[in-house]
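Listed below, chain by chain, are the residues.
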Amino acid sequence: MEKKILLPALIICGLFSCSKEGPDAYTYNQETIYSTSYDTRFSEAVAFISPYILDNGVQKYIVTDKLTNITISINDDSWQTNSSFELNTNQISNKELVNGYWVTTEKVSYPVVVNINLRPEDITTAGEYATLVSNYFFLLPGVYACKVESFTLTSTTGQSNTINLPLAYTTIEVKEGEISASMEDFEVQIQ
């Protein structure tokens with residue numbers, strides 16, 4: 001008889017001891033991975049950059065391991081200077097050498113993940129610092145202007161060339177509850 005009463009009592013005690021209150025076991029630092037309120041902070045943007053040259057009127061995409069020193073701004077606030085993911089260009093078979101770069105007629109896109117990053121060298125006043133910190137923590141849902149300002153290409157001779165892009169604009173939409181967003185692909189002509 002005692003066993004019949006003890007087993008249901010243990011089950012009931014076990015059920016009431018489970019609680020949703022208390023510290024969340026699934027949080028890491030200040031970024032929320034999972035929470036009961038589904039609170040997430042937007043922190044990264046994903047872009048694809050496809051540099052090309054015109055060779056006798058034919059668009060040919062530059063083939064290199066990666067793009068470096070990529071500078072992107074959102075609403076005129078600079079974000080992290082970054083490099084693209086490294087590509088295995090050995091798999092591209094129809095390459096040719098044009099103007100010091102390996103090129104192909106097949107589209108080559110370099111993926112870039114840009115994280116929010118405060119750049120202390122851009123801060124000159126307390127107001128600018130407050131604005132940057134506010135943007136860092138509270139990039140609210142909405143549509144923002146995005147610009148790829150520049151990146152560096154390495155030629156076949158090993159020379160690094162910084163490419164400045166005065167007109168490489170697109171939009172990025174930040175949606176509530178999402179941590180990242182995708183930008184349009186940037187096809188950029190190299191002069």
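Up top is the structure.
None of the values given here were measured: they were computed from a predicted structure.

Colleague: What's the story with the overall build of the protein chain in this structure? I'm lost.
Modeller: Summing up its helical and strand segments, the protein chain has 2 helices and 13 strands in all. Of all 191 residues assigned to the protein chain, the portion counted as buried reaches 32%.

Colleague: For this particular structure, what's the right way to read the nonpolar core?
Modeller: Soluble globular proteins: nonpolar side chains tend toward being buried together. In this structure, Ile-49 and Phe-151 are the most contacted members of the largest nonpolar core, which totals 36 residues. Mapped onto this core, the elements with two or more residues apiece are strand 3 (44-55), strand 4 (58-63), strand 5 (68-74), strand 8 (101-104), strand 9 (110-115), strand 10 (142-154), strand 12 (169-174) and strand 13 (180-189). Excluding anything up to four places from it in sequence, Phe-151 contacts Ile-49, Pro-51, Leu-67, Thr-68, Asn-69, Ile-70, Asn-161, Thr-162, Ile-163, Leu-165, Val-188 and Ile-190.

Colleague: Would you mind showing me how to read the packing of aromatic side chains here?
Modeller: Given two aromatic rings, one states the distance between the centres and the angle between the planes to describe the pair. Overall, the coordinates contain 1 aromatic pair when judged by the stated rule. Here the guanidinium or amino end of Lys-95 rests over the ring plane of Trp-102, the centre of that ring lying 5.8 Å away.

Colleague: Sorry if this is basic, but what is going on with the side chain of Asp-55 here?
Modeller: Note that Asp-55 resides in strand 3. At 2.9 Å, the side chain of Asp-55 forms a polar contact with the side chain of Lys-60. The contact partners of Asp-55, leaving out residues within four places of it in the chain, are Lys-60 and Val-98.

Colleague: Is there a simple way to think about the pattern of salt bridges in this case?
Modeller: Think of it this way: side chains of opposite charge can pair up when their charged atoms draw near. For the coordinates displayed, the defined rule picks out 4 salt bridges. In this structure, Lys-60 and Glu-96 form a salt bridge, with 2.9 Å as the shortest nitrogen-oxygen distance. Here the residue Lys-60 occupies a position in strand 4, and Glu-96 occupies one in strand 7 (residues 96-98), the gap between them amounting to 36 residues. Residue class for Lys-60 comes out buried when judged on its relative accessible area of 9%. Exposure remark for Glu-96: the relative accessible area of 34% places this residue in the partly exposed category.

Colleague: Can you walk me through the environment of Asn-82 in this structure?
Modeller: Here Asn-82 shows up in strand 6 (residues 77-82). Separated by 33 residues in sequence, Asn-82 and Asn-115 place their C-alpha atoms 8.7 Å apart.

Colleague: Is there a simple way to explain the pairing of strand 12 in this structure?
Modeller: Working note: regular strand, side chains alternate between the two faces of the sheet. Side chains Thr-170, Ile-172 and Val-174 of strand 12 all project onto a buried face; the interleaved residues Tyr-169, Thr-171 and Glu-173 project onto a face where none is buried. Both strand 10 and strand 12 contribute to a ladder of 6 bridges, which runs antiparallel. Bridging from a neighbouring strand, Tyr-144 pairs with Ile-172 of strand 12.

Colleague: When you look at the environment of Lys-66 in this model, what are you seeing that I'm missing?
Modeller: Here Lys-66 shows up in the loop between strand 4 and strand 5. Taking the relative accessible area as the measure of exposure, Lys-66 reaches 32% and is therefore partly exposed. When the C-alpha atoms of Lys-66 and Leu-153 are compared, they prove to be 7.8 Å apart, with 87 residues separating the residues in sequence. Not counting residues up to four positions away in its chain, the partners in contact with Lys-66 are Ser-83, Ser-84, Phe-85, Glu-86 and Tyr-110.

Scoring rules and cut-offs
- Residues numbered from 1 in each chain as written.
- Predicted model: local features only at pLDDT ≥ 70, side-chain atom pairs only at ≥ 80, totals over all residues.
- Heavy atoms only, no water.
- Helix = DSSP H or I, 4+ residues; strand = E, 2+ residues; numbered from the N terminus.
- Buried < 20%, exposed > 50% of the residue type's maximum accessible area, 1.4 Å probe, protein only.
- Core = buried A, V, L, I, M, F, W, Y, C linked by side-chain atoms within 4.5 Å.
- Contact = heavy atoms within 4.5 Å.
- Phe/Tyr/Trp six-rings, centres within 6.5 Å; stacked < 30°, edge-to-face > 60°.
- Lys NZ or Arg CZ within 6 Å of the ring centre and 35° of its normal.
- Polar contact = N/O pair within 3.5 Å; in protein donor to acceptor, adjacent residues only side chain to side chain.
- Salt bridge = Lys/Arg side-chain N within 4 Å of Asp/Glu carboxyl O.
- Pairing = 2+ DSSP bridges.

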